[in-house]
Amino acid sequence: MTAYNAFVVSETSDGEFAGKIKTLDTSDLPAGDVLIKVQYSSLNYKDALSAAGNKGVTRQYPHTPGIDAAGSVVEANVAHLNPGEEVIVVGYDLGMNTAGGFGEYIRVPGDWVVRKPASLGLRASMILGTAGFTAALCVDKLLAAGLDKDSGEVLVSGATGGVGSVAVALLAKLGYDVAAVTGKAQAESWLRDLGARTVIDRSELGEANPKPLLKPRWAGAVDTVGGPTLVNIIKSLHYGCSVAACGMVQSPALELSVFPFILRGVNLLGVDSVELALPVKQAMWDKLGGDWQLDNLESLATEITPEELDSSLRQLLAGKARGRFLLKH
């Protein structure tokens, strides 16, 4: 048994939710095959929802959020992992209904645990985290669907967010002409430094348009917001091109006709990063530590302490964050 600190969210007497640092014991952690000492975590929109008491994300409180964790194995009751090995855990139930990476220790099933690529540090892995991993999945799906560098611009919506910013940087690294969509005018130079060739105000795409088709503009897209933005992207894809969709912060609803699909042959590619089989996750992390390794990761990161979690989560929930919040224990 080991005492450790964790950011614990509890429901208050007036029905609100608040988080604070508490001292816990590893004996309080859920059953699992692997005990991990967490060195880094990162903040995601789902963490902000959990910290705000969203019962669709977390059913029972008190609870420690943190859907990302990177650290070292302390104990392992599985043959493929050894004490001292550096590992990554993202997705599955971590930080949702299983105590997550905002604590200094986690205990999880062995089939949730990815070996960290040797060329990717623990810090870098959590600057990426679920957001960067999801961005890579989006790009991978677009490439598999035939994304062509010579066909024109690739659009990224929500470009200052975690998924969007990594998608901009990754697509630029791979040689694509990237158009970044944002509502933060002050972030234009930052997005261009990440690799965006063009920066577009989100008002151009964020309003519903009754036309069944719009002028073709995009050779592909990564959409992180859903709603009217995704609808307008679908209507504006070139013939046979695709959009990888992974978010719904604007809206989960899609109000459009089948015309883009049957007249232009476009593709809507759904992307999930939570329930993927472990070998698929391992392969993508190996790619992020290999040919897809980003040189400008630090420019995405704002490092925070556990004491800064509450204010940072509030920024994230309000849509005021830029890039990635990196939690160092």
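The structure this text deals with has already been given above.
Criteria and cut-off values
Within every chain, residues take consecutive numbers counted from 1 along the sequence as written. In view of the model being predicted, local features appear only for residues whose pLDDT reaches at least 70, and side-chain atom pairs are presented and counted only at 80 or more, with totals across whole chains, interfaces and linings using the full set of residues. Derived side-chain values reflect all non-hydrogen atoms in the structure, with water molecules and hydrogen atoms excluded from consideration. Every axis in this analysis is a line fitted to C-alpha atoms, fitted for helices over the stretch in contact. Angles between the N-to-C directions lie between 0 and 180 degrees. Going along the chain from the N terminus, every DSSP run of H or I of four or more residues is numbered as a helix, and every run of E of two or more is numbered as a strand. Note on terminology: angles under 35 degrees are roughly parallel, angles over 145 are roughly antiparallel, angles of 65 to 115 are roughly perpendicular, and the others are oblique. Crossing handedness follows the turn of the near helix against the far one: under a right angle anticlockwise gives a left-handed crossing, and clockwise gives a right-handed one. Between two residues, a contact is recorded if the distance between any of their heavy atoms is within 4.5 Å. When residues are sorted by character, Ala, Val, Leu, Ile, Met, Phe, Trp, Tyr, Cys and Pro go into the nonpolar class, Asp, Glu, Lys and Arg into the charged class, and all the rest, Gly among them, into the polar class. Think of it this way: DSSP has to see at least two bridges between two strands before they count as a pair. A carboxyl oxygen of Asp or Glu within 4 Å of a side-chain nitrogen of Lys or Arg is what we treat as a salt bridge. Remark: exposure states derive from per-residue accessible area (1.4 Å probe, protein chains only) relative to the maximum for the residue type, with buried under 20%, exposed over 50%, and partly exposed in between. Orient the strands so they point away from the viewer; a crossover is then right-handed if the path from the first strand over the helix to the second runs clockwise. By definition here, a helix of n residues has an expected span of 1.5 Å times n minus one. Throughout, bend refers to the angle between the axes fitted to the seven residues that end at a position and the seven residues that start at it.

Peer 1: Mind showing me how you'd approach the packing of helix α2 (residues 122-144) against helix α3 (residues 162-173) here?
Peer 2: To characterise two packed helices, one gives the angle between the axes of the helices and the distance between these axes. At a closest axis distance of 8 Å, the pairing of α2 and α3 adopts a crossing angle of 50°. The orientation of α2 relative to α3 falls into the category oblique. Crossing of α2 over α3 shows right-handed handedness. In contact with L128, A131, G132, T134, A135, A136 and V139 of α2, α3 contributes G162, V163, V166, A167, L170 and L171. In the contact of α2 with α3, the residues fall into ten nonpolar, three polar and no charged.

Peer 1: Looking at this structure, I do not really get the sheet that holds strand β9 (residues 178-182). What am I missing?
Peer 2: For sheets, the rule is that strands pair by backbone hydrogen bonds, running either parallel or antiparallel. Reading across the sheet, the six strands line up as β10-β9-β8-β11-β12-β13 and stay open at both edges, with parallel pairing between neighbours. This sheet does not close on itself; its edge strands, each paired only once, are β10 (198-201) and β13 (267-270). Strand-to-strand twist across the sheet, computed as the mean angle between neighbouring axes with direction ignored, equals 20°. Here strand β8 (residues 154-156) pairs with strand β11 (residues 218-223) via three bridges, running parallel. Residue pairing in the sheet places L155 in a bridge with A221 of β11. Contacts between α2 and the sheet are confined to β11, β12 (237-245) and β13, with β12 contributing the most and set at about 155° to the helix. Relative to the sheet, α3 contacts β8, β9 and β11, its axis offset from that of β8 by approximately 160°.

Peer 1: Where do I start with the pattern of salt bridges in this structure?
Peer 2: Oppositely charged side chains can form a pair if their charged atoms are brought close together. All told, the structure shown has nine salt bridges when counted by the stated rule. For K116, the salt bridge is made with E86, and the minimal N-O distance between the two is 3.5 Å. Residue K116 is located in the loop between β7 (114-115) and α2, and its partner E86 is located in strand β5 (residues 86-90); the two are separated by 30 residues in the primary sequence. Note on E86: relative accessible area 34%, which makes it partly exposed. Notably, a salt bridge pairs R197 with D177, separated by 3.8 Å at the nearest N-O pair. A residue pair is termed long-range when its members are at least 10 positions apart, and R197 in the loop between α4 (188-194) and β10 and D177 in the loop between α3 and β9 qualify at 20 residues.

Peer 1: Got a minute to help me understand the pairing of β11 in this structure?
Peer 2: For a regular strand, the rule is simple: side chains alternate between the two faces of the sheet. Among the six residues of β11, six are classified as buried, and the element is accordingly described as predominantly covered. Where β11 lies against β12, five bridges are found, and the strand directions are parallel. Across the sheet, D223 pairs through a bridge with A245, a residue of β12. Following the chain from β11 across helix α5 (residues 227-235) to the adjacent parallel β12, one finds a crossover that is right-handed.

Peer 1: Looking at this structure, I do not really get unusual backbone geometry. What am I missing?
Peer 2: Glycine aside, negative phi is the norm for most residues, and most peptide bonds take the trans geometry. For the bond running from Y61 to P62, omega is 5°, close enough to zero to count as cis. Structurally, the position occupied by P62 is in the loop between α1 (45-51) and β4 (68-76). One non-glycine residue, Y92, adopts positive backbone phi at about 50°. Residue class for Y92 comes out buried when judged on its relative accessible area of 9%.

Peer 1: Is there a simple way to think about the environment of A169 in this case?
Peer 2: Along the chain, the position of A169 falls in helix α3. For A169, a relative accessible area of 3% corresponds to the buried category. On a C-alpha basis, the gap between A169 and A179 in space is 11 Å, while along the polypeptide they are ten residues apart. Among all residues touching A169, those that are not within four sequence positions of it are L194, L294 and N296.

Peer 1: Help me understand α2 in this model?
Peer 2: Think of an α-helix as 3.6 residues a turn; residues three or four steps apart then line up on the same face. The first and last C-alpha atoms of α2 sit only 29 Å apart over 23 residues, clearly below the 33 Å expected at 1.5 Å per residue. When the local axis directions of α2 are compared, the greatest deviation, roughly 75°, occurs at G129. Summarising burial for α2: 18 of the 23 residues are buried, a large majority. A positive phi of about 100° marks G146, the residue just after α2.

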